[in-house]
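Geometric and topological summary
Spelled out from the first residue to the last, the chains are:
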Amino acid sequence: MKEDLKKIKDLKKKWQEKIVDPRLKRYKLAQSPTTFYTPSDLEDFDFTEKVGFPGQYPFTAGNDPVPGWQAMAESQAIASNRFEWGGASSGGAGKYAGFGTPEDYRDYLLRMHKLGRKGGPNFAMDLPTQCGYDSDDDRAMGEVGRVGVAVDTLKDFEVIYEAYTGDIDIDKIASNFTANGAASIIIAMYAALAEKRGIPLEKLRGTPQNDILKEYVGRGTYIFPARPSLRLFRDLLVFSANRLPKMNITSIGGYHMREAGVSREQDLAFSMAIGTEYLKTGVEAGVDIDLFAPKFTFNAFGGSMEFYKEIAFQRAARRMWANILKNRFGAKNPRSMMIRQIMTAHIGCSSTTLQRPLNNLTRAVVGGMAGGMSGGIPFGAMPPWDEPLGLGHSLEAQQLGHDATRILMYEAKLGEVLDPWAGSFFMETLTNEIEKSALEELKKIDEMGGALAAIEKGYMQHAASQGAYKRQKMIENHEQFVVGVNCFAGPTEIDVRTERSVEAVYDLNLTATAEKRKKEGLAKLKAERDNILVEDSLNKLGAAAKNEQENLMPFLIDCVKTYATLQEMCDAMRKEFGTAEPTTI
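Residues numbered from 1 in each chain as written. Predicted model: local features only at pLDDT ≥ 70, side-chain atom pairs only at ≥ 80, totals over all residues. Heavy atoms only, no water.

The next subject is the environment of Thr38. Along the chain, Thr38 falls in the loop between α1 (2–27) and α2 (47–50). At 2.6 Å, the side chain of Thr38 forms a polar contact with the side chain of Ser40. (Helix = DSSP H or I, 4+ residues; strand = E, 2+ residues; numbered from the N terminus. Polar contact = N/O pair within 3.5 Å; in protein donor to acceptor, adjacent residues only side chain to side chain.)

So, about the domain arrangement of the chain. Assigned domains within the chain: domain 1 (2–42) and domain 2 (92–209 + 498–585). Each of domain 1 and domain 2 has a C-alpha centre, and these two points are 59 Å apart. (Domains from an automatic or database assignment.)

Bringing the confidence of the model for the chain into the picture now. Averaged over every residue, the pLDDT of the chain is 94; the share at 70 or more is 98%. Contacts for the low-pLDDT stretch residues 85–89, under 50 throughout, to residues beyond four places or in other chains number 14 contacts. (pLDDT = per-residue confidence, 0-100. Contact = heavy atoms within 4.5 Å.)

Moving on, we come to the packing of helix α21 (residues 531–545) against helix α23 (residues 566–577). At their nearest, the axes of α21 and α23 sit 9 Å apart, and the two run at 30° to each other. By the criterion of interaxial angle, the relationship of α21 to α23 is roughly parallel. Seen from above, α21 lies across α23 with right-handed handedness. Packed against α21, whose contacting residues are Val534, Leu538, Leu541, Gly542 and Ala545, the element α23 presents Glu568, Met569, Ala572, Met573, Glu576 and Phe577 at the interface. Split into classes, the residues belonging to the contact of α21 with α23 amount to eight nonpolar, one polar and two charged. (Axes fitted to C-alpha atoms, helices over the stretch in contact; angles between N-to-C directions. Parallel < 35°, antiparallel > 145°, perpendicular 65-115°, else oblique. Left-handed = near helix turned anticlockwise from the far one by under 90°. Nonpolar A, V, L, I, M, F, W, Y, C, P; charged D, E, K, R; others polar.)

Strand order across the open sheet formed by four strands is β1-β2-β3-β4, with parallel pairing between neighbours. Looking at strand neighbours, the two that pair on one side only are β1 (93–97) and β4 (205–208), the edges of this open sheet. Along the sheet, successive strands turn relative to each other by an average axial angle of 15°, direction set aside. Pairing geometry for β1 and strand β2 (residues 120–123), over three bridges, is parallel. Bridging from a neighbouring strand, Ala93 pairs with Gly120 of β2. Strands in contact with helix α5 (residues 102–114) are β1 and β2; relative to β2, the strand with the most contacts, it is inclined by about 135°. Where helix α8 (residues 183–196) meets the sheet, it contacts β3 (174–177) and β4, and its direction lies at approximately 155° from that of β3. (Pairing = 2+ DSSP bridges.)

According to the stated counting rule, one finds 44 salt bridges in the structure shown. Residues Asp419 and Arg315 are paired through a salt bridge, measuring 3.0 Å at the closest nitrogen-oxygen approach. One end of the pair, Asp419, is in the loop between α16 (395–411) and α17 (425–448); the other, Arg315, is in helix α14 (residues 307–328), with 104 residues separating them in the sequence. Through salt bridges that share partners, Arg258, Arg264, Asp267, Glu306, Lys309 and Glu310 make up one connected network. (Salt bridge = Lys/Arg side-chain N within 4 Å of Asp/Glu carboxyl O.)

Turning to empty space enclosed by the protein, a few remarks are in order. Space left empty within the atom packing is revealed by a probe, the size of a water molecule, rolled over the atoms. Taken as a whole and assessed by the stated rule, the structure comprises two cavities of 30 Å³ or more. Every residue along the wall of the second largest cavity is listed here: Asn180, Gly181, Ala182, Ala183, Ser184, Asn210, Ile212, Phe224, Ser229, Leu232 and Phe233. Every element with two or more residues in the lining of the second largest cavity is listed here: α8 and α10 (226–243). Here the element with the most residues in the lining of the second largest cavity is α10; it accounts for three residues. (1 Å grid on protein atoms, 1.4 Å probe; cavity = no way out; pocket = protein on both sides within 12 Å on 5 of 7 lines; lining within 4 Å. Points joined across faces, edges and corners; volume = space filled by probe spheres on them.)

Size it by volume and the second largest pocket reaches roughly 1000 Å³. In terms of lining, the second largest pocket is formed by 34 residues, of which the most central are Ser304, Glu306, Arg471, Ile475 and Gln480. Those elements giving two or more residues to the lining of the second largest pocket turn out to be α11 (254–260), α12 (264–284), α15 (359–372) and α19 (459–476). Among the elements that make up the lining of the second largest pocket, the one with the highest residue count is α19 (nine residues). Partitioned by chemical class, the residues of the lining of the second largest pocket number 11 nonpolar, 15 polar and eight charged.

This part is about the packing of aromatic side chains. In total, this model carries 28 aromatic pairs according to the counting rule given. Between Phe99 and Tyr506, the aromatic rings sit 4.4 Å apart at their centres with planes inclined by 25°, giving stacked as the arrangement. Of the two residues, Phe99 is situated in the loop between β1 and α5 and Tyr506 in the loop between α19 and α20 (508–528); the sequence distance between them amounts to 407 residues. An identical accessibility class is assigned to Phe99 and Tyr506; each is buried. On the numbers, 5.7 Å between centres and 50° between planes, the contact of Phe292 with Phe296 is tilted. Overall, the relative accessible area of 0% leaves Phe292 in the buried class. For Phe296, a relative accessible area of 1% gives the class buried. (Phe/Tyr/Trp six-rings, centres within 6.5 Å; stacked < 30°, edge-to-face > 60°. Buried < 20%, exposed > 50% of the residue type's maximum accessible area, 1.4 Å probe, protein only.)

Our next topic: a nonpolar patch on the surface. On the surface, a nonpolar cluster with roughly 320 Å² of combined accessible area is contributed by Trp15, Ile19 and Phe36. Looking at the element boundaries, Ile19 is found in helix α1. On the accessibility criterion, Ile19 (54% relative accessible area) is exposed. (Patch = residues over 30% accessible without salt bridge, like charges linked within 9 Å, V, L, I, M, F, W, Y side chains within 5 Å. Areas by Shrake-Rupley, 256 points an atom, 1.4 Å probe, with all protein chains shown as cover.)

Below, the structure is given as structure tokens:
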């Protein structure tokens, strides 16, 4: 074999000199814009060690030998059953949504139910909620109900979940919560709601995002400094392991860091480092790795238009995570070693453009093709083409996205072959290269003391800001081309538009009045609740926060039941934990 590889290397060198170099000279190019791979690029490759089979360690080729979506594809098509993101047929959470007041979001959910979309709520929460402030705080002015629904108290959950009773009560559906700094409080509200309805906590299903460490790198919706925030993560992890066996613990979001500016390899390394920090936190709290690791999910990894690299990224990510769980943490359960995520390769929202926005549908289809070739559903609906328009994903855009996914599944037949790139000289080399670079970056973070230490030192934040600057400069300098933005944007190009054919997803009039209505409702609640009970529960929470060994979840649930507000609970903990400050870059 080594003799064959040497022969191939020699032949490739001659090909380069006799065929490629003259062509480059003809085009006046210093280097070729294309690459060609041979077996010589993949020396010492062990297929069983590096790839294996779908559903088996190291999961490079995918988690599932027979994906559920593929198994049900024919019957779904015959029945013309509309697939929703974790839709009602599976008792899962529906599409990510939320705006205005709890009443507005409830009415939106009821409207979706009439359209047959009865999946559980998948909460988008407004910025004040995510950052630990109530709707009546001055710092919330102008943001209440804007980018999600405003949630201040248990009363808000009671209103929202009026849309879920009977055969879609909360023990029969899953709920997803995009909350990180406030994740413990949000889950406390869900637990309190279940108790009020007489539903055992053991029956609750769903996923809090609860990926607080990436917030310091990407989204910025943190409340407390990183170290006490990790304590809250620990408390929710332990509580979930003991009391919420069907609830996931976290949905790790490397994608958010990529959007913030980190490179592909940094995205992978940072995600692995943060995931490792969470795993270490659970183990140090005394929870068996195989009890809680299967309850970790990943919101999304990656996200760009670079088709081949995004596929390789997903393969490398699965292999890295499996190795970390097996070799660093000694996990025995194969499910502990899997990266569980709703989709694999995708383009990311930052790949969409405000200019000529219908082109975003084409972009999403490219992402769907990459998803279908990297171990996931060929999800051509993410993101909808109108993502940059701020319309809340119109029903028209959702329809086109669903149809794109269906065409990839049923007409292009993506998914018939699992990991079609397995053994490819090119793809295996690219996967190895991305993994190698990510491992080198991960080693740097380990030497700093892990993800928590790297964040406290500002290392990851600095990488994101530098990357975002470089990315923008590349577009401005025409080193990276974006169709309709910095190329093919002349007067002869046509900006194709579409007309709205159904009612808007969100009512802009409701959004405009949400802050006034929410403040009025909150004032009424504060006047009617038993404020002595509220103060007592908050005092107990504050006292418990002083004891590092105390699990705060029972205290948060007690506060929630008195209708203490989210900010009141955060303020009680801020007195002990302090308030997070942006890192100086």
